[in-house]
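# Geometric and topological summary
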Amino acid sequence: MNKITVNMTKEALFDFLLFHAYSKLGGFLVNVLGLAVAFLGIFLYVSGNTTGLGAACYLGASFLFLAYTPILLKIRAKKQVQVNPEYSQPVEVTFSEESGIVAKWQEGKREYPWEDIERAVVTPKTIGIYYGKEQALIIPKPDFGEQFADIFQMIARASARRRKHAGTQADDTTGTGGKRESAGGGAQQENGVLRSDNPQ
């Protein structure tokens, strides 16, 4: 069992939110669009197809595309650290090989069983432990202290067990379905349908 105290900062939260936004297709396409507008403006200006003012408009539009998401996320991170009780105060997080992760703060408690943990991601300033498609337990790297390796290995083992369990279920539901006789006397395969929960 490993226990750490998490002190969220707006810089760490912004770092994770930025990673989360740009790891999705929408965030990537916004960046591509912003760069494309900038290159188009420069190309038109160099080729003589637009004036300096026109090129400046293209570059301004490119800046808006590229800067909008980071600015919005920086504002959101600052607000969340101020108003969210899980971010605005120290949170004691316990990692147990048997039961999973438990986060406790002054007003409440949240439990994350290993079977709910889908993946863990590493950003420059944080570790994000996803327990839903859009939900993650975010921990700044410095808060792990000397326990970083032990905890991350525990998370990796839990993820491996979850994948193995999911694979076993897939084999059971798709490869070992029972057979029954149809009205015409032939055999019909009855295969179960495996549905997974949300995948970060």
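In the block above lies the structure referred to throughout.
Let me sum up the structure you'll find in this document. Since we're looking at a predicted model, the values are computed, not measured.

### Observations regarding the nonpolar core
One broad trend across soluble globular proteins is that nonpolar side chains are buried collectively. Among the nonpolar cores identified, the biggest contains 20 residues, and Ile 4, Val 93, Phe 95, Ile 101, Trp 114, Ile 129 and Ile 139 are the most heavily contacted of them. Taken together, the elements giving at least two residues each to this core come down to β1 (2-6), β2 (91-96), β3 (100-105), β6 (126-132), β7 (135-140) and α5 (148-175). Among the elements that line this core, the one with the most residues is α5, at four residues. Residue contacts for Ile 129: discarding those within four places in its chain leaves Phe 95, Ile 101, Ile 117, Arg 119, Ala 120, Gln 135, Ala 136, Leu 137, Ile 139 and Ile 155.

### Details of the environment of Phe 144
Here Phe 144 is to be found in the loop between β7 and α5. Here the alpha-carbon distance between Phe 144 and Val 6, two residues 138 residues apart in the chain, equals 8.1 Å. Apart from residues lying up to four places away in sequence, Phe 144 is in contact with Ile 4, Phe 95, Ile 127, Ile 139 and Ile 151.

### Some points on the packing of helix α1 (residues 10-22) against helix α3 (residues 52-83)
At a minimum axis distance of 8 Å, the contact between α1 and α3 shows a crossing angle of 135°. Comparing the axis directions of α1 and α3 gives the class oblique. In this structure, α1 crosses over α3, and the sense of that crossing is right-handed. Contacts between α1 and α3 pair Lys 10, Leu 13, Phe 14, Leu 17, Leu 18, Ala 21 and Tyr 22 from the former with Leu 66, Thr 69, Pro 70, Leu 73, Lys 74, Arg 76, Ala 77, Lys 78, Gln 80 and Val 81 from the latter. Class assignment for the residues of the contact of α1 with α3 results in 11 nonpolar, two polar and four charged.

Calculation criteria
- Residues numbered from 1 in each chain as written.
- Predicted model: local features only at pLDDT ≥ 70, side-chain atom pairs only at ≥ 80, totals over all residues.
- Heavy atoms only, no water.
- Core = buried A, V, L, I, M, F, W, Y, C linked by side-chain atoms within 4.5 Å.
- Buried < 20%, exposed > 50% of the residue type's maximum accessible area, 1.4 Å probe, protein only.
- Helix = DSSP H or I, 4+ residues; strand = E, 2+ residues; numbered from the N terminus.
- Contact = heavy atoms within 4.5 Å.
- Axes fitted to C-alpha atoms, helices over the stretch in contact; angles between N-to-C directions.
- Parallel < 35°, antiparallel > 145°, perpendicular 65-115°, else oblique.
- Left-handed = near helix turned anticlockwise from the far one by under 90°.
- Nonpolar A, V, L, I, M, F, W, Y, C, P; charged D, E, K, R; others polar.

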